[in-house]
Amino acid sequence: LSIIIQEADRLNILVNDILNLSKLENNKEELTLEDYDLVEEVKSILNRYQIIKETENYKLILNAPEIAVVHADKNKINQVLYNLINNAINYCGDDKVVKISQTLSGDRVRITVADNGEGIAPDKLRYIWDRYYKVDSVHKRATVGTGLGLSIVKEILEKHDAKYGVYSTQGVGSAFWFELKTV
């Protein structure tokens, strides 16, 4: 019964991710744009990870010295943040440290989510934004993933005309980033 419940949960996540990605790709979902402080939203999201910080000794470190008001779809950008933070947690190194940083440059704010995990081979970097692509199946935590998370991130960020990317070095870790215009 436990296996059936786990598989039903996995299928539910997969179906929701497929529907979400399909809506984004086919412009079936409008963005609901509003002005809000991105840094405050990141802090709020990080509070929701308190249980794994306490029970599994993960360290989520935020370096965000200034407020950064953006004009964006808060729910969609939150989805981007969750996907990037979850990936960093799932692939982080033995130190279990995930660093989230914010930098301001002119009229743009950059959010970077970095881990000290295995990193991604240079020949695989170009595929990470593709549907169902997973670099490998070795996670630090037991996870239920669909391989659609970064595809969804890509679609959301492109709908916002945001810049995004990743820096990764094998054996050192990865840093995923995105930039939004500030208000």
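Given the structure is predicted, the values throughout are model-derived calculations rather than measurements.

(A) Spatial organisation of helix α5 (residues 149-159). Regarding α5, the residues found buried are Leu150, Ser151, Ile152, Val153, Glu155, Ile156 and Leu157. Two residues or fewer past α5, Asp161 is found with a positive phi of approximately 55 degrees.

(B) Up close: the nonpolar core. Leu38, Leu60, Ile77, Ile85, Ile100, Phe178 and Leu180 are the most contacted members of the largest nonpolar core, which has 42 residues in total. When contributions to this core are tallied by element, the ones reaching two or more residues are α2 (38-47), β3 (69-73), α4 (74-91), β4 (97-105), β5 (108-115), α5 and β7 (173-181). With seven residues, α4 is the largest single contributor of residues to this core. Not counting chain neighbours up to four residues away, the residues in contact with Leu180 comprise Leu38, Val70, Ala72, Ile77, Asp107, Arg108, Val109, His160 and Ala162.

(C) How the structure looks around the packing of α2 against α4. For the pair α2 and α4, the least separation of the axes is 11 Å and the interaxial angle reads 50 degrees. Judged by the inter-axis angle, α2 sits oblique to α4. Along this stretch, α2 crosses α4, giving a crossing that reads as right-handed. Across the interface between the two elements, Leu38, Glu41, Val42, Ile45 and Leu46 of α2 pack against Lys74, Ile77, Asn78, Leu81, Tyr82 and Ile85 of α4. Across the contact of α2 with α4, the residue classes tally to eight nonpolar, one polar and two charged.

(D) Structural context of the sheet that holds strand β2 (residues 59-63). In spatial order, the strands read β2-β4-β5-β7-β6; together these five strands make up an open sheet with mixed pairing. Looking at strand neighbours, the two that pair on one side only are β2 and β6 (163-169), the edges of this open sheet. Averaged over all pairs of adjacent strands, the angle between strand axes in this sheet comes to 15 degrees, irrespective of strand direction. Pairing of β4 with β5 involves eight bridges; the strand directions are antiparallel. Each bridged residue has a counterpart across the sheet, and for Thr103 the counterpart in β5 is Arg110. Along the sheet, α2 contacts β2, β4, β5 and β7; its crossing angle with β2, the most-contacted strand, is approximately 170 degrees.

(E) Representation of the environment of Ile67 within the structure. Mapped onto the secondary structure, Ile67 falls in the loop between β2 and β3. The exposed category is assigned to Ile67, whose relative accessible area is 61%. Residues Ile67 and Leu38, 29 residues apart in the sequence, show an inter-C-alpha distance of 7.3 Å. Residues within four places of Ile67 in sequence aside, it is in contact with Asp37, Val39 and Leu104.

(F) Broad picture of the packing of α4 against α5. Remark: α4 packs on α5, axes separated minimally by 9 Å, with the N-to-C direction vectors making an angle of 145 degrees. The interaxial crossing formed by α4 with α5 has left-handed handedness. The segment α4 lies against α5, with Lys76, Ile77, Gln79, Val80, Asn83, Leu84 and Asn87 engaging Gly149, Leu150, Ile152, Val153, Ile156 and Leu157. Grouping the constituent residues of the contact of α4 with α5 by class yields eight nonpolar, four polar and one charged.

Calculation criteria
- Residues numbered from 1 in each chain as written.
- Predicted model: local features only at pLDDT ≥ 70, side-chain atom pairs only at ≥ 80, totals over all residues.
- Heavy atoms only, no water.
- Buried < 20%, exposed > 50% of the residue type's maximum accessible area, 1.4 Å probe, protein only.
- Helix = DSSP H or I, 4+ residues; strand = E, 2+ residues; numbered from the N terminus.
- Core = buried A, V, L, I, M, F, W, Y, C linked by side-chain atoms within 4.5 Å.
- Contact = heavy atoms within 4.5 Å.
- Axes fitted to C-alpha atoms, helices over the stretch in contact; angles between N-to-C directions.
- Parallel < 35°, antiparallel > 145°, perpendicular 65-115°, else oblique.
- Left-handed = near helix turned anticlockwise from the far one by under 90°.
- Nonpolar A, V, L, I, M, F, W, Y, C, P; charged D, E, K, R; others polar.
- Pairing = 2+ DSSP bridges.

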